[in-house]
Amino acid sequence: IAACIVMTLLFCGTRPTGLDKIVFDANDHKKLYRFLSALPQPVLLAGWPNDILDNAPLLAGKEPFADYAHAHTLYTGFSEKISERLKDDLSLIFARDVQTAVAMRDKYSLTHLILFKRVMRLDRVPTPRVFTPYNELASELRRSAPLEELLFYRPPQDWIVYRDRHFLVVDLNKINGD
């Protein structure tokens, strides 16, 4: 075993390259995870279903609403449920109105939405990949309206509870659906 570790370090260095889908370096996101871990329970996090949400249980002790780690089709009933959640998650991210966001929040008791800024950039074509079979849906939803018409393209400042160069975190309970 020690020889395998030494060989890996010799050939790959201390930070393997080319393994972007396997190795997740959370150092760039320490502040985000620290913020999330300080949120009072219960918390149910929506957002772009990528490594950030996949690692939220381990690195922040918070539950993701829908993420890649739970999207495997091992169990028929669960597969259908997570598929519905992933579709609703993407619909929330690309919502065009407050009513849609409030409906999703209330349907699932969602508390926060983590917005990946690069998903919402005007110059970002094509839409960043999610994973199969949700890539096309994400692209369709993003193209369904000009980004400026999407609710979370520029959310009101009083909804935002965290901001860094990569992410915004929106407190969904601050959205009033009246």
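Our subject is the structure listed above.
Residues numbered from 1 in each chain as written. Predicted model: local features only at pLDDT ≥ 70, side-chain atom pairs only at ≥ 80, totals over all residues. Heavy atoms only, no water.

Re the sheet that holds strand β4 (residues 160-163)
Reasoning step 1: The strand order across the open sheet built from five strands is β2-β1-β3-β5-β4, with neighbouring strands paired in mixed fashion. Lying at the two open borders of the sheet, with one neighbouring strand each, are β2 (63-64) and β4.
Reasoning step 2: Here β4 pairs with strand β5 (residues 167-171) via three bridges, running antiparallel. Its bridge partner lying in β5, Ile160 is registered against Val170.
Reasoning step 3: Set on the sheet, helix α2 (residues 30-38) makes contact with β1 (44-47), β3 (112-116), β4 and β5; between it and β4 the angle comes to about 150°. (Pairing = 2+ DSSP bridges. Helix = DSSP H or I, 4+ residues; strand = E, 2+ residues; numbered from the N terminus. Contact = heavy atoms within 4.5 Å. Axes fitted to C-alpha atoms, helices over the stretch in contact; angles between N-to-C directions.)

Examining the nonpolar core
One recurring pattern in soluble globular proteins: nonpolar side chains tend to sit buried together.
Reasoning step 1: Within the largest apolar cluster, 49 residues are counted, with the highest numbers of intra-cluster contacts made by Leu92, Leu110, Leu113 and Phe152.
Reasoning step 2: At five residues, the largest contribution of residues to this core is made by helix α5 (residues 76-93).
Reasoning step 3: Every residue in contact with Leu113, bar those within four places of it in the chain, is listed here: Ala46, Gly47, Leu92, Ile93, Phe152, Leu168, Val169, Val170 and Leu172. (Core = buried A, V, L, I, M, F, W, Y, C linked by side-chain atoms within 4.5 Å. Buried < 20%, exposed > 50% of the residue type's maximum accessible area, 1.4 Å probe, protein only.)

A short note on helix α6 (residues 98-108)
For an α-helix, 3.6 residues make a turn, and residues three or four places apart therefore share a direction.
Reasoning step 1: Along α6, the residues that are buried comprise Ala101, Val102, Met104, Arg105 and Tyr108. Around the axis of α6, the buried residues are gathered within 160° of arc, so they sit on the same side.
Reasoning step 2: By the N-cap criterion, in which a side-chain oxygen at the helix start approaches the backbone nitrogen of a residue two or three places on, α6 is capped by Asp97, the distance to Gln99 being 3.3 Å.
Reasoning step 3: Positive backbone phi, at 60°, marks Ser109, one or two positions downstream of α6. (Arc of directions from axis to C-beta. Polar contact = N/O pair within 3.5 Å; in protein donor to acceptor, adjacent residues only side chain to side chain.)

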